[in-house]
Amino acid sequence: MSSSPDSHHEASTGSDSEEVRLPLNQFYPYIKCALCCGFLIDATTITECLHTFCKCCIVKHFFYSNRCPTCNIIVHQTQPLYNIRPDRQLQDIVYKMVPSLEDLERERMVKFYKERGLEVPKTPALSPPTPVPAKRQKKDAPRHQVFSIPPELDVSLLLEFVGAEKGIDDYKPLERRYVRVSGEATIRHVELFIRRKMGLSSSCQVDVVCGDQLLEHCQSLNDVQKVVGADGVQDGLLVLHFGLVLPS
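Computed from a prediction, not measured in an experiment: that's the story for all the values here.

Caption draft 1: The overall build of the chain, seen in detail. Looking only at helices and strands, the chain has seven helices and 11 strands in total. Here the chain, with 248 residues, has 34% of them falling under the buried criterion. Contacts in the chain between residues at least 24 apart in sequence constitute 60% of all its contacts with a sequence separation of at least 6. Of the roughly 16200 Å² that the chain leaves accessible, carbon and sulfur atoms contribute 52%.

This is the structure:
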């Protein structure tokens, strides 16, 4: 959870000769955590929706929910922690805009260790260390650090858009056609993913077909694979065709 030092700082923009100063509170929506309402500490971003929170805040939140606290989308069906990443660039911006924040957080961390009789880390600075040059890092990286796909994400999907019924033209193209998900996910989850990525309105219906079968919302992807068999698989991918129609 973050600290909240005196906020009467001002951010400046422009050249030295013509400087424009803005009150720090104008930037609060971008540098404050929506969970603890303090400035971001260890800024961590959800990859599915790009909302950012303090690391400890979002980890605690995921103990009892798998949804984003801001937009309420499902971050991951079973392991939401797989879909969060540290946002070091944003954290550096926060520290530059609130100069005393990093020092205050360092003091709190040292106090935390001392109160519990633990050894204080030799370098308690919160800013990330200088990265190793890319070539050397690639050469020295051990094999076990290579990212592996979590075992529960056992179904690879190819989402093929077949078109929209006349009268439906307010949608975005689906840029992410290849998706790996849990076999326990249902066609309803797939539809929600499509709706979000394409910005569909609630008045638009999404029909999903695999092989020659129109799929029901309640069917899991495991069930679809069993029913459709090899007819719905292409190069190891479960192919789902979908179209946009107006409700009958």
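What follows picks up the thread again.
Caption draft 2: View of the packing of aromatic side chains. One pass over the full model with this rule turns up four aromatic pairs. An aromatic cluster of three or more residues is present, and its members are Phe 161, Tyr 171 and Phe 242. Here Lys 32 stacks its cationic end above the ring of Phe 39, 5.5 Å away from the centre of that ring.

Caption draft 3: Structural view of the environment of His 241. Secondary-structure assignment places His 241 in strand β11 (residues 237-245). For His 241, a relative accessible area of 33% corresponds to the partly exposed category. As for His 241 and Asp 212, which are separated by 29 residues in sequence, their C-alpha atoms are 9.8 Å apart. Not counting residues up to four positions away in its chain, the partners in contact with His 241 are Glu 160, Val 162, Asp 207, Val 208 and Val 209.

Caption draft 4: Quick peek at helix α6 (residues 187-198). Its 12 residues give α6 an end-to-end C-alpha distance of 16 Å, which sits within 8% of 16 Å, the value for a rise of 1.5 Å per residue. All of the buried residues along α6 are Ile 187, Val 190, Glu 191, Phe 193, Ile 194, Arg 195 and Met 198. Residues of α6 that are buried sit in contact with β6 (155-164), β7 (178-181), β8 (205-210), α7 (221-228) and β11. Looking one or two residues past α6, Gly 199 carries a phi angle of roughly 65°, positive in sign.

Caption draft 5: Just the side chain of His 76, in detail. Residue position: His 76 is located in the loop between α2 (55-61) and β5 (84-86). Only 3.0 Å separates the side chain of His 76 from the backbone nitrogen of Thr 78, close enough to count as a polar contact. Of the polar contacts made by the side chain of His 76, one reaches the backbone nitrogen of Gln 79; its length is 2.7 Å.

Parameters at a glance
- Residues numbered from 1 in each chain as written.
- Predicted model: local features only at pLDDT ≥ 70, side-chain atom pairs only at ≥ 80, totals over all residues.
- Heavy atoms only, no water.
- Helix = DSSP H or I, 4+ residues; strand = E, 2+ residues; numbered from the N terminus.
- Buried < 20%, exposed > 50% of the residue type's maximum accessible area, 1.4 Å probe, protein only.
- Contact = heavy atoms within 4.5 Å.
- Areas by Shrake-Rupley, 256 points an atom, 1.4 Å probe, with all protein chains shown as cover.
- Phe/Tyr/Trp six-rings, centres within 6.5 Å; stacked < 30°, edge-to-face > 60°.
- Lys NZ or Arg CZ within 6 Å of the ring centre and 35° of its normal.
- Expected span 1.5 Å × (residues − 1).
- Polar contact = N/O pair within 3.5 Å; in protein donor to acceptor, adjacent residues only side chain to side chain.

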